[in-house]
Amino acid sequence: MLKIENKADIFHYRTLLFILSFSILTLLSRYFYLQVIEHERYSSKSQVNSVRAQATYAPRGLILDRNGVVLVENYPTYILTVTPYELDDKEKQFQIISNITEISVDELSTRYKKYYQGQFLPTIIAKNLSFAEISQIEERRLELSGFQYKRFDERLYNDVLKDAHILGYLRELDRESLPFLDKSKLYRAGELIGWQGLEKQYENELRYSKGIEYIEVDTYGRKINRINDNNIPAYPGKNLTLSIDSKLQQFSKNLLTDQRGVILVSNVDTGDILSMVSNPSYNLDIYRGETTDSEWRDLLSNEGKPIINRNIAGLYPPGSSFKIITALNLIENGLLDPEDSLMCTGSYLPPGSSNTFNCWKEDGHGLVDLNKAIAQSCNVYFYETVQLIKLSDWTKTAKIFGFQNKTDIDLPNELIGQIPDKEFFINTYGRWGWSERGVLLNLTLGQGDILVTPLQSLRYINHIASRGSTAKLKLNANKKVEYYDDIILSEQTWDRVIKGLYDVVNSEAGSGWRAKQSEVKLYGKTSTAENPHGEPHAWFNGFFDFEGQTFSLVVLVENGGGGGAVASPIAGQIVKFFTNEQVEIVNK
Amino acid sequence: MSFFNNYIYGSNEYLGRLYLIVSSLITFGLITLFSISADPLSINSSFMRQVIFIIFSLFIFLILNQINIKTIHDNSTLIYIFSFLLCFVPFFLTPVENTYRWIDFGFFYIQPGEYLKCATIILIAKYLSNHQLEVKEGYIVIIPILIALISSFLVLNQPDLGTAVIIFAPVLPMLLWAGVNGFTLFLLIAPVITIIAASNNMIFNIWGVLMFIIFLAFQGSLLKRIVIYFANIFTGLLFPFFWNDFLNGYQRQRFIDFLNPDLDPMGSSYHIIQSITAIGSGGLFGKGWGQGSQTQLKFLPVQESDFILSVIAEEFGFFGIAIIMFLFFMLIKTLLDIAFKSSDYFSSLVIVGLTSILFSHIFVNSAMTIGLMPVKGLPTPFVSAGGSFMLLCFIILSLVTNFSKN
């Protein structure tokens with residue numbers, strides 16, 4: 001087909017055939033030598049003594065708070081494993097183990113199946129063995145070929161902070177979940193992996209690096225000899241120091257008592273979160289030892305949803321704190337003179353509409369300028385002025401402050417919430433089912449289809465406190481300080497808004513007067529967010545300067561009632577805590 | 001029915017034989033994989049994955065069979081450039097196990113270096129077939145070696161020493177096949193043997209005498225032969241000196257590490273000891289299917305690919321290994337037969353090149369399991385688990401099918 005004819009030489013063909021035959025015969029003769037002539041030797045070697053590579057472990061890293069208080073440490077327990085191939089009589093041996101450990105044979109069989117990974121690999125069948133149990137197993141060693149026990153570290157939590165939401169927990173890997181892991185090669189079934197919270201986020205840092213030890217074992221799996229060549233030591237994981245101050249965390253938690261809600265405290269300059277409470281919570285001890293299915297089901301179906309970390313995964317309407325979004329728009333774009341006053345009669349009738357919109361204060365605020373409108377949270381002022389703003393501008397401003405976006409906190413599973421825009425309204429209510437003016441009346445009060453997480457709200461207040469340039473929120477104290485994109489507004493705009501926030505707390509009729517502290521200048525905004533689940537949510541977002549640094553806080557009490565009446569006093573307590581005892585927060 | 005005739009019986013008697021051998025090897029591989037999978041019917045088991053890879057590869061095989069040999073001949077440079085560029089893709093992706101050898105397709109990985117091997121062979125074959133009249137001249141070897149060097153150098157940077165070395169495997173057989181004279185080929189191998197021989201005085205002396213006799217026996221200018229002879233001797237003499245005195249321990253270790261990038265952190269000698277124990281304990285007839293205590297996940301990692309022959313040896317004994325070796329022998333012999341009978345020079349050269357690749361994989365892998373060679377991650381054709389290499393084997397099969405049609 002192609003022009004040149006093949007003129008392969010029979011001599012070349014034979015040369016290659018000779019090389020092929022020679023190589024294959026060399027290989028075959030070596031196989032023959034090993035398998036037939038030396039068979040006895042290797043056969044006995046495979047039966048009697050085997051070199052086995054076994055993984056060695058080191059402790060997982062500790063988790064400390066910012067002052068070095070140990071929050072999570074390791075607690076040694078013993079686990080019992082069984083190597084299926086080495087079992088003599090499974091039924092009988094399981095019965096012996098069942099007598100010693102008081103775990104039913106059924107349960108043992110279930111675990112045996114669940115964690116089975118191959119005939120020759122040890123399968124974990126019991127945890128938390130006591131020393132007495134270990135001794136009994138040791139006594140009956142000869143009847144229990146195939147069973148081995150080894151040390152296995154579990155997590156032990158400090159009573160100060162057993163908060164599952166931040167710390168997260170470890171999970172035992174079983175056969176089903178193993179193949180879905182990113183780095184499945186590093187893990188074996190039965191090992192622990194950070195599954196939620198910081199344990200998951202910092203898995204790579206906290207996790208030990210496994211070592212390898214070569215041992216010679218006999219048919220019973222007993223260690224005969226340790227071979228030192230090629231052993232690789234295991235290294236402990238790195239410790240993780242949190243930005244959390246455990247005293248403040250505990251104090252904040254007590255403030256919420258049994259109310260559902262959230263308290264967040266952060267350092268605006270560094271982004272360090274000092275306290276992150278989500279109530280109700282659940283005790284991390286549930287992950288130690290054996291947790292039954294029904295305990296789990298109770299936890300999952302609990303009405304208070306203790307499983308959820310409300311800080312990052314709870315979605316709420318923000319309420320009046322969003323009036324600041326409107327105010328920033330108005331001043332920055334020169335849409336009105338902040339000194340101009342409007343008349344609040346207690347209700348607002350939009351042009352061309354028959355529905356009146358009420359102010360929360362039924363008999364009205366009288367003459368209000370911007371400052372007073374923020375301080376006393378006058379609805380009518382914002383109903384009227386928001387009419388000057390375009391919907392697209394308003395949502396853009398909200399998004400600049402990080403809403404409908406992740407805060408990049410170092411925790412997994414953060415939600416982004418929702419800032420409705422034109423597209424959203426068209427998709428939800430149809431092309432003609434809504435009007436821009438109408439929805440703005442809702443949006444300006446932080447109501448309607450807006451949903452935010454408390455952590456986003458904290459970021460928002462930090463942006464305001466730092467006048468646009470604020471550090472990314474984080475829980476790892478040693479993580480490098482990074483910044484969110486700067487928000488550039490004129491100094492005058494910031495001044496106006498911040499003055500308003502000051503008056504919320506410090507002016508005579510300010511809605512947050514209950515938060516006021518004599519020694520510290522506190523700025524803030526109360527919110528009372530209506531919602532379909534009952535009483536309004538009570539919010540307080542604020543910041544204060546303390547010993548040269550700026551701190552911020554978010555208090556949310558779910559269905560608590562008014563922001564001024566419920567959330568403000570809690571905020572005040574936190575500020576008081578700073579002045580009373582916790583100077584060390586600042587020094588670090 | 002011509003389709004059936006073509007693909008089942010083959011367009012000639014050899015093709016039919018080839019397909020029979022390949023099917024036997026694949027079956028043998030699947031039986032072994034079934035035995036070592038803890039849960040063979042789950043989608044994640046190496047057995048099921050292998051079945052899916054084979055079906056996929058078969059599909060590609062049927063598609064590639066439609067391509068005309070002339071198309072491949074005429075576009076050989078383009079094919080080479082494409083494969084070459086493909087090797088750069090992994091450098092832009094996240095590294096897999098710290099190397100840039102793989103392109104991740106989710107379900108399986110593709111190793112572009114594998115395909116560069118084929119492209120290199122096709123390009124060399126085209127060059128040789130275009131310069132057939134000059135084949136007796138010594139300089140004919142320069143371009144093929146240069147092509148192989150470029151490919152090898154690229155793969156070396158991924159880094160993948162195994163593939164980089166294998167790229168050279170087809171060069172000598174192809175040159176031999178093309179009719180390059182024996183002395184030139186000898187000159188190519190001599191320096192490599194010299195460096196290896198330099199490790200031992202006795203061997204080096206014997207090699208020196210042997211080389212002297214060969215140099216005397218061949219024709220050519222006396223001066224040229226003397227110069228080359230002494231150049232070789234000096235290389236040999238200088239190498240240990242260079243190795244011991246000019247490199248410090250750290251650099252030597254770097255060099256050894258460089259030669260052995262696949263060295264398992266667990267220590268390769270451990271693997272070889274376990275592999276030999278597994279093979280030796282298999283005996284004449286083996287421990288039976290699924291009964292190999294040594295290989296059943298207990299001691300050997302990567303047993304489904306690198307050490308699959310150890311599994312076969314343990315479970316089916318020398319008997320099983322003899323069958324596998326016979327099949328390998330027949331596979332390579334049949335391919336050589338096809339190359340020999342091929343009526344066209346270019347096709348013939350390509351088939352010899354591809355055959356060399358398969359053979360080098362077979363040899364290096366088997367030799368590794370019995371401790372004759374250091375641990376290298378080279379799989380065995382049609383038997384080892386692994387998508388990328390299985391696909392390559394089927395591509396080779398399809399090229400052979402195409403090239404034997406005339």
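Everything numeric here is computed off the predicted structure, so don't read it as measured data.

Cut-offs used in this document
- Residues numbered from 1 in each chain as written.
- Chains lettered and ligands numbered in written order.
- Predicted model: local features only at pLDDT ≥ 70, side-chain atom pairs only at ≥ 80, totals over all residues.
- Helix = DSSP H or I, 4+ residues; strand = E, 2+ residues; numbered from the N terminus.
- Buried ≥ 20, exposed ≤ 12 C-beta atoms within 10 Å, placed from the backbone.
- Contact = placed C-beta atoms within 7 Å.
- Core = buried A, V, L, I, M, F, W, Y, C linked by C-beta atoms within 7 Å.
- Domains from an automatic or database assignment.
- Expected span 1.5 Å × (residues − 1).
- Pairing = 2+ DSSP bridges.
- Axes fitted to C-alpha atoms, helices over the stretch in contact; angles between N-to-C directions.

Caption draft 1: Just the overall build of chain A, in detail. Secondary structure summary: chain A contains 21 helices and 19 strands in total. Scored against the burial criterion, the 588 residues of chain A give a buried share of 40%. Counted over contacts in chain A with a minimum sequence separation of 6, partners at least 24 positions apart contribute 71%.

Caption draft 2: Just the overall build of chain B, in detail. Each helix and strand counted, chain B has 17 helices and two strands in total. The burial tally for chain B puts 47% of its 406 residues in the buried class. Pairs at least 24 residues apart make up 69% of the contacts formed inside chain B by residues separated by at least 6 positions.

Caption draft 3: Up close: the environment of Glu107 of chain A. All names here are of chain A. Mapped onto the elements, Glu107 comes out in helix 4 (residues 105–115). Assessed through the 15 C-beta atoms surrounding it within 10 Å, Glu107 is described here as partly exposed. For the pair Glu107 and Ala126, spaced 19 residues apart in sequence, the C-alpha separation works out to 9.5 Å.

Caption draft 4: Region of the structure containing unusual backbone geometry. Residues and elements named next belong to chain A. In this chain, Asn279 is followed by Pro280 through a cis amide linkage whose omega measures 0°. If you trace the backbone, Pro280 turns up in the loop between strand 12 (273–279) and helix 10 (293–301). A positive phi angle, near 55°, is found at Ser377, a position not held by glycine. A positive phi angle, close to 50°, is found at Asn559, a residue other than glycine. Tracing the chain through its elements places Asn559 in the loop between strand 19 (549–557) and helix 20 (563–580).

Caption draft 5: Representation of the nonpolar core within the structure. Residues and elements named next belong to chain A. Counting 105 residues, the largest nonpolar core has Leu264, Val555, Ala567 and Ala571 as its most contacted members. With seven residues, the single largest contributor to this core is helix 20. Looking at which domains feed residues into this core, each of domain 1 (63–241) and domain 2 (246–274 + 315–587) gives three or more. Leave out the neighbours within four places in its chain, and Ala571 touches Ala515, Gly524, Phe540, Gly542, Leu553 and Val555.

Caption draft 6: Main features of helix 19 (residues 491–506) of chain A. All names here are of chain A. Under the 1.5 Å per step criterion, the end-to-end length of helix 19 is 22 Å for 16 residues, consistent within 8% with the ideal 22 Å. Every buried residue belonging to helix 19 is among Thr493, Arg496, Val497, Gly500, Leu501, Asp503, Val504 and Val505, and all of these are buried. Close packing links the buried residues of helix 19 with helix 12 (323–332), helix 13 (370–375), helix 18 (454–465) and strand 17 (522–531).

Caption draft 7: Looking closely at the pairing of strand 18 (residues 534–546) of chain A. Residue and element names in this part refer to chain A. Among the 13 residues that make up strand 18, ten are buried, leaving the element largely enclosed by the rest of the structure. Hairpin connection between strand 17 and strand 18: a loop of two residues separates the two successive antiparallel strands. Relative to strand 19, strand 18 runs antiparallel, the two being bridged by nine bridges. Each residue of the ladder has a partner; that of Asp545, found in strand 19, is Thr550.

Caption draft 8: Structural view of the sheet that holds strand 18 of chain A. All names here are of chain A. Strand order in this open sheet of five strands is 12-11-19-18-17, and the pairing throughout is antiparallel. Each of the sheet's edge strands pairs with one partner strand only, and the pair in question is strand 12 and strand 17. Between one strand axis and the next, the sheet turns through 10° on average, direction left out of account. Two elements, strand 11 (residues 261–267) and strand 19, share seven bridges in a ladder whose sense is antiparallel. Its bridge partner lying in strand 19, Ser266 is registered against Ser552. Of the strands in this sheet, strand 11, strand 18 and strand 19 touch helix 18, which is tilted by about 145° from strand 19.

Caption draft 9: Focus on the environment of Leu116 of chain B. Residue and element names in this part refer to chain B. Structurally, Leu116 can be placed in helix 6 (residues 112–130). A C-alpha to C-alpha distance of 8.5 Å links Leu116 and Leu86, two positions 30 residues apart in sequence. Leu116 has contacts with Ser83, Phe84, Cys87, Ser151 and Val155, leaving out every residue within four places of it along the chain.

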